[in-house]
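Structure assessment
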There are 2 protein chains.
Amino acid sequence: MKIVECVPNFSEGRDREKVEAITREIASVGNVKILDMEMDASHNRSVVTFTCEPQYAVEAAFRGIRKASELIDMDSHQGEHPRFGSADVIPFIPVSEVSLKECVDLANQLGKRVGEELKIPVFLYSDAALAENRKNLENIRHKNFQYEQLKTEIGKGDYIPDFGPLELSKAGASIIGARDFLVAYNVNLRSQDMEIGKKIAKALRAKDGGLSFVKALAFYLEDKKCVQISMNLTNYKKTPVYRAYEMVRLEASRYGIEIMESEVIGLIPLDAIIESSRFYMRMNSFKSNQIFEKKVWE
Amino acid sequence: MKIVECVPNFSEGRDREKVEAITREIASVGNVKILDMEMDASHNRSVVTFTCEPQYAVEAAFRGIRKASELIDMDSHQGEHPRFGSADVIPFIPVSEVSLKECVDLANQLGKRVGEELKIPVFLYSDAALAENRKNLENIRHKNFQYEQLKTEIGKGDYIPDFGPLELSKAGASIIGARDFLVAYNVNLRSQDMEIGKKIAKALRAKDGGLSFVKALAFYLEDKKCVQISMNLTNYKKTPVYRAYEMVRLEASRYGIEIMESEVIGLIPLDAIIESSRFYMRMNSFKSNQIFEKKVWE
């Protein structure tokens, strides 16, 4: 079964009734499943995580954005986190049997509807971005450029929206896009030497000559008295988890340091786990539909 | 979610309408999912594979057995495969979050109902067996001891049933039990030397000093021009797949032979695949509910 994930961020983190009303709208479509709903009072922001088959994703997200635009007035919104609009950031993420390209298409369909039907300006970001400077969310809106600044700048220079009007209503603007699933993966070392830890993290990092889709930092874990190489794998399909693990092992071995354990933080797609078996046990022809539960569940 | 598998074998492999009627009865219960239905004309036998939550398994199997007893007359049944009854063999198999012990309980519940309500003699086998000589199905019924022989022997010596009457109707007797999920796993070697292949298979086999829950044979694959170590892993929880793989690798290495590839034939439980990642990447604390799809599907 094709599954896409969508993680809309809304600019309301204190009034539970409003956030639940938005979530209900999202859940009212097709086979949408709400996996999580988190409210943050100090950021005055909430994050809804839902999944569904791709054909329902645009309608579900659209209904959430519409309800948010009705309930949230950006002129009276305050909170620590930078924000542009009532529905602030809406990424689509491929999970199962869906490509990133399909998610870019969903972002475009949603952006068009939000611009035309709700009269909310839309900026496409991440892999859906049409301009290089909109690939990183932090380039679009940040601490010093938020809803208040956008009000006067919209329609000028870098702030011509990809869809919708050249002016803001009280719903503000939305940032819509597509990105790959992010795997948070840590490797703990049998070492307390942070100098070595930093060298290993550097050897792993894409920007320092390491693996293409790896962000890595070294931390010292007080409870386990060990160094941790903490990674974000931003494209587990191109840089699989086992390759990150083996690269840490290789770099640690030059200092005579062993790996104690590794851990996935949060969720990981089935195919990312299967790929490790394919590698280590040379199960090159193994298909995910050989997993018993997949056959039962789908 | 708890999932149990049940694979009843029925003594009808030619009349599709009858087998479909039996299958419909099974599918009429709770959240039963029919995964497969195979008919074999020369054996005159069919195999239905279904899964459900444990609380529905006994009722579903019972309805299938009842319908088979109505539709199949053992006095007129002929076929190559040895058989005792219209519903011949019915094993329960733990798949997800269910223990073998729970499946033994299901076998007992089903056996009791089939004996009392349908007046069909029931023999418990495999892990549900009450006597050592009923652990192996081949000890109970075989080419030289089938429905025809049981007719006169039932109630005597080794043929006192665990449930039900001491005489046979035209529905014959049923053999009900519980067993672990069987993983069919092959490792292909970069070698054409069958003598070495046989030595490696022997080193793997439980009965020859190898791994406890491994049955292994060596074959020569004409299409790939290589030796295959073909294994049945009869308890993947106690003897995990990676251990079988690594043992083949170890034994092959003494002859300087590399592994070409390995393959799972058919289905494998999710946890068996995860266990390989836990081993190779030292992900000792990884839980199966960290698999994204599991959260979405369940």
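Residues numbered from 1 in each chain as written. Chains lettered and ligands numbered in written order. Predicted model: local features only at pLDDT ≥ 70, side-chain atom pairs only at ≥ 80, totals over all residues. Heavy atoms only, no water.

**Considering the pairing of strand β5 (residues 87-96) of chain A**
All names here are of chain A. With 10 of 10 residues buried, β5 lies mostly within the body of the structure. Bridge count between strand β1 (residues 3-6) and β5: 4 bridges; the pairing is antiparallel. Bridging from a neighbouring strand, valine 4 pairs with proline 94 of β5. Here strand β2 (residues 9-10) pairs with β5 via 2 bridges, running antiparallel. When the bridges of β5 are listed, phenylalanine 10 appears paired with alanine 87. (Buried < 20%, exposed > 50% of the residue type's maximum accessible area, 1.4 Å probe, protein only. Helix = DSSP H or I, 4+ residues; strand = E, 2+ residues; numbered from the N terminus. Pairing = 2+ DSSP bridges.)

**A few points about the UniProt feature "domain: Formiminotransferase C-terminal subdomain" (unreviewed entry) in chain A**
The positions UniProt marks with the feature "domain: Formiminotransferase C-terminal subdomain" (unreviewed entry) are residues 181-295 of chain A. Regarding residues 181-295 of chain A, the helix share stands at 34% and the strand share at 26%, and the terminal C-alpha atoms are separated by 23 Å. (UniProt positions renumbered as here; feature names shortened; annotations may be inferred.)

**Remarks on the domain arrangement of chain A**
Residues and elements named next belong to chain A. Per the domain assignment, the segments of chain A are domain 1 (3-178) and domain 2 (183-297). On a C-alpha basis, the centres of domain 1 and domain 2 stand 31 Å from each other. Of the roughly 250 Å² buried between domain 1 and domain 2, counting both surfaces, carbon and sulfur atoms make up 32%. Of all residues in domain 1, the largest losses of buried area upon contact with domain 2 belong to Pro94, Val95 and Glu97, amounting jointly to 65% of the total for that side. In this assembly, domain 1 and domain 2 are joined by 1 salt bridge. The salt bridge partner of lysine 294 is glutamate 97, with a shortest N-O separation of 3.1 Å. Class assignment of the residues belonging to the side of domain 1 that touches domain 2 gives a composition of 3 nonpolar, 1 polar and 1 charged. (Domains from an automatic or database assignment. Buried area = accessible area lost by both parts, 1.4 Å probe. Salt bridge = Lys/Arg side-chain N within 4 Å of Asp/Glu carboxyl O. Nonpolar A, V, L, I, M, F, W, Y, C, P; charged D, E, K, R; others polar.)

**Quick look at the nonpolar core**
Looking at soluble globular proteins, one finds that nonpolar side chains tend to be buried together. Within the largest apolar cluster, 90 residues are counted, with the highest numbers of intra-cluster contacts made by Tyr185 and Met231 of chain A together with Tyr185 and Met231 of chain B. Methionine 231 of chain A has contacts with Val183, Ala184, Tyr185, Asn186, Val187, Leu204, Val214, Lys215, Ala216, Ala244 and Val248 of chain A, leaving out every residue within four places of it along the chain. Formed by 53 residues, the second largest nonpolar core is a distinct cluster that contains Phe10, Ile22, Cys103 and Ala171 of chain B. (Core = buried A, V, L, I, M, F, W, Y, C linked by side-chain atoms within 4.5 Å. Contact = heavy atoms within 4.5 Å.)

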